[in-house]
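Structural description and commentary
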Amino acid sequence: MNTPVEGFSKLTKTQKIDWIATNCTKDPKATKQLLEQYWNTDPRVQKLHDEFIENTISNYYLPFAIAPNFKINNELYAIPMAIEESSVVAAASKSAKFWLERGGFKAEIIGTEKVGQVHFIYNGDREKLSDFFASAKPELFKSAASITQSMEKRGGGINAIELRDLSDKIEGYHQLHCKFETLDAMGANFINSCLEQFAKTLKERALAFDGFTEEEKNIEVVMSILSNYVPDCLVKAEVSCTISDLGNTDMPAEEFAKKFVQAVNIAKAEPYRAVTHNKGIMNGIDAVVLATGNDFRAVEAGVHAYAAKDGQYSSLTHAKIEDGIFKFWIEVPLALGTVGGLTTLHPLVKLALEILQNPSAKQLMQIVAVAGLAQNFAALRSLVTTGIQKGHMKMHLLNMLNQLGATETEKQQLVTYFKDQTVTNASVKEAYERIKSN
Ligand code: MEV
């Protein structure tokens, strides 16, 4: 069926759709109708979306939702979330409300430093390389001046350039390990531009360095790229209250607090659980990262690397009971931007940022960390009390009914029916069929 295609990118959008519909789908007419159905009615908005990526044939919708009532450092936020999974927004909202009545969330920035590296091979004398680096370093900074100028004006720029010898790992392998402050920008383009300039300058300076032999002068740059591992671009968010204040948690507060801390400790101790535990945290984090037009793949990669920083994959959250106080917190690296990228381009991203009162990158880091903590609180609260399925299946009910093709009236009837019934695939199907046959 599918055959190789030459020059697909050069085809018009209609030709691309024709090709894909005819070559890869059973009902080309239905495919075309579906793709068109998801176009924006305003051609200018559609064009904008078409141009975000390449070979666009339609739009792929995700629900855009709001989790209200988040009190963070005494400010109230309604948090926009883009996510496909039912229960996530409900869980976030429930947590927000719970902690709103208990003083809210506290969040603080621990660091904002980002990293980029020039990876290169040098097989010569190590001391000579150190001497060369010391002499070339001012030139490295200077050569990137046109790139860093406006960032520096705003208080950011290159924080440090270090020479690292990793030749014990790979023969001749060295790095320029560079640290950056990119303020409200995620900074990928800024960092990569600086790095590519460093690589160029490094090679040029090496060729002109008298201390090197002819062979040593030929530093081989392998690549220059930012790192998505940002352990020093770190934010902490926490909640705390007296155990007695935990009150309404479907079990006595003391028992709840103890079980909750045990659940966190299990995730700290055991990778199988840690991965699922952190997945729940990422339900909250990704949804806000996506809604605000940030790079969720970068965030995911960096967060999971951080979760494994001590040699074993572990929980991103921590909990303890001390002197009758329940404390629950998260520490998470988040490289986020609130300027550049999609922030002013994507109308819903712009709106999401407006809903968040146009936060700085630091404020957004705090909001996103709180969304992760809130999500984890809701998940653990269910897990150690009623179990996750009760709430989750209730939320999933509408998806199941839509899948079965239920009408609006049938949906209403079944939602009422399942208010006090257990939701399972079988029970929903059975109830639906019963209603249908009446
Ligand atoms: C489901 O998307 C997330 C949970 O599995 C998280 C967890 O187990 O902590 C409920």
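My aim in this report is to walk through the structure given alongside it, one point at a time. (Residues numbered from 1 in each chain as written. Predicted model: local features only at pLDDT ≥ 70, side-chain atom pairs only at ≥ 80, totals over all residues. Heavy atoms only, no water.)

**Observations regarding the environment of Ala65**
One can find Ala65 in strand β1 (residues 64-72). Not counting residues within four places of it along the chain, the set of residues in contact with Ala65 comprises Ile79, Pro80, Met81 and Val89. (Helix = DSSP H or I, 4+ residues; strand = E, 2+ residues; numbered from the N terminus. Contact = heavy atoms within 4.5 Å.)

**Brief notes about the site of the ligand**
Near the ligand you find Glu85, Arg273, Thr276, His277, Lys279, Gly280, Asn283, Ala379, Leu383 and Ile388, and these make up its full shell. Contact distances for the ligand include 2.6 Å between an oxygen atom and a side-chain N or O atom of Lys279. The separation between an oxygen atom of the ligand and a polar side-chain atom of Asn283 is 2.9 Å. For the ligand, whose free accessible area comes to 300 Å², the fraction covered by protein is 82%. At the level of elements, α9 (271-291) and α12 (361-383) are the ones that each hand at least two residues to the shell around the ligand. For the shell around the ligand, the element with the highest residue contribution is α9, accounting for 6 residues. A per-class count over the shell around the ligand returns 3 nonpolar, 4 polar and 3 charged. (Near = heavy atom within 4 Å. Polar contact = N/O pair within 3.5 Å; in protein donor to acceptor, adjacent residues only side chain to side chain. Areas by Shrake-Rupley, 256 points an atom, 1.4 Å probe, with all protein chains shown as cover. Nonpolar A, V, L, I, M, F, W, Y, C, P; charged D, E, K, R; others polar.)

**Quick notes on the packing of aromatic side chains**
Under the defined criterion, the tally for this structure stands at 20 aromatic pairs. Plain terms: the ring middles of Phe98 and Phe377 are 5.1 Å apart, the flat faces sit at 40° to each other, and that makes the pair tilted. Residue Phe98 is found in helix α4 (residues 88-100), and its partner Phe377 is found in helix α12; the two are separated by 279 residues along the sequence. The residues Phe98 and Phe377 share a single accessibility class, namely buried. Taking 4.9 Å as the distance between ring centres and 75° as the angle between the ring planes, the aromatic pair formed by Phe209 and Phe212 counts as edge-to-face. For Phe209, a relative accessible area of 17% gives the class buried. Using a relative accessible area of 5% as the deciding quantity, one classes Phe212 as buried. Put simply, the rings of Phe98, Trp99, Phe256, Phe260, Phe326, Phe328 and Phe377 pair up and form one aromatic cluster. Cation over ring: Arg102 sits above Phe98, and NZ or CZ is 3.6 Å from the ring centre. (Phe/Tyr/Trp six-rings, centres within 6.5 Å; stacked < 30°, edge-to-face > 60°. Buried < 20%, exposed > 50% of the residue type's maximum accessible area, 1.4 Å probe, protein only. Lys NZ or Arg CZ within 6 Å of the ring centre and 35° of its normal.)

**Here we look at the nonpolar core**
In terms of nonpolar packing, the biggest core is built from 66 residues, with Phe70, Phe326 and Leu334 touching the most fellow members. Broken down by element, this core gets its largest block of residues, 11 residues, from α12. Setting aside its immediate chain neighbours within four residues, Phe70 contacts Glu75, Leu76, Tyr77, Ile79, Ala92, Ala96, Phe105, Val370 and Ala374. If you look at the next biggest cluster of nonpolar residues, it comprises 27 residues, including Ala136, Met151, Phe190 and Ile191. (Core = buried A, V, L, I, M, F, W, Y, C linked by side-chain atoms within 4.5 Å.)

**Brief notes about a nonpolar patch on the surface**
Taken together, the side chains of Leu34, Tyr38 and Tyr61 make up a nonpolar region of the molecular surface, amounting to roughly 310 Å² of accessible area. Tracing the sequence through the fold places Tyr61 in the loop between α3 (43-50) and β1. Residue classification places Tyr61 among the exposed positions, given a relative accessible area of 52%. (Patch = residues over 30% accessible without salt bridge, like charges linked within 9 Å, V, L, I, M, F, W, Y side chains within 5 Å. Salt bridge = Lys/Arg side-chain N within 4 Å of Asp/Glu carboxyl O.)

**Digging into the packing of helix α6 (residues 145-153) against helix α7 (residues 188-208)**
Interhelical geometry of α6 versus α7 gives an angle of 145° and a closest axis separation of 9 Å. The way α6 lies across α7 gives a crossing that is left-handed. Across the interface between the two elements, Ile147, Thr148 and Met151 of α6 pack against Phe190, Ser193, Cys194 and Gln197 of α7. Looking at side-chain class alone, the contact of α6 with α7 contains 4 nonpolar, 3 polar and no charged residues. (Axes fitted to C-alpha atoms, helices over the stretch in contact; angles between N-to-C directions. Left-handed = near helix turned anticlockwise from the far one by under 90°.)

**Digging into the state of the cysteines**
Scanning the entire structure with this criterion turns up 0 disulfides. Counting only cysteine sulfurs, Cys194 is the nearest neighbor of Cys178, a cysteine outside any disulfide, at a range of 8.6 Å. The exposure class of Cys178 is buried, given its relative accessible area of 0%. Free of any disulfide, Cys233 has its nearest cysteine sulfur in Cys194, 16 Å distant. (Disulfide = S-S within 2.5 Å.)

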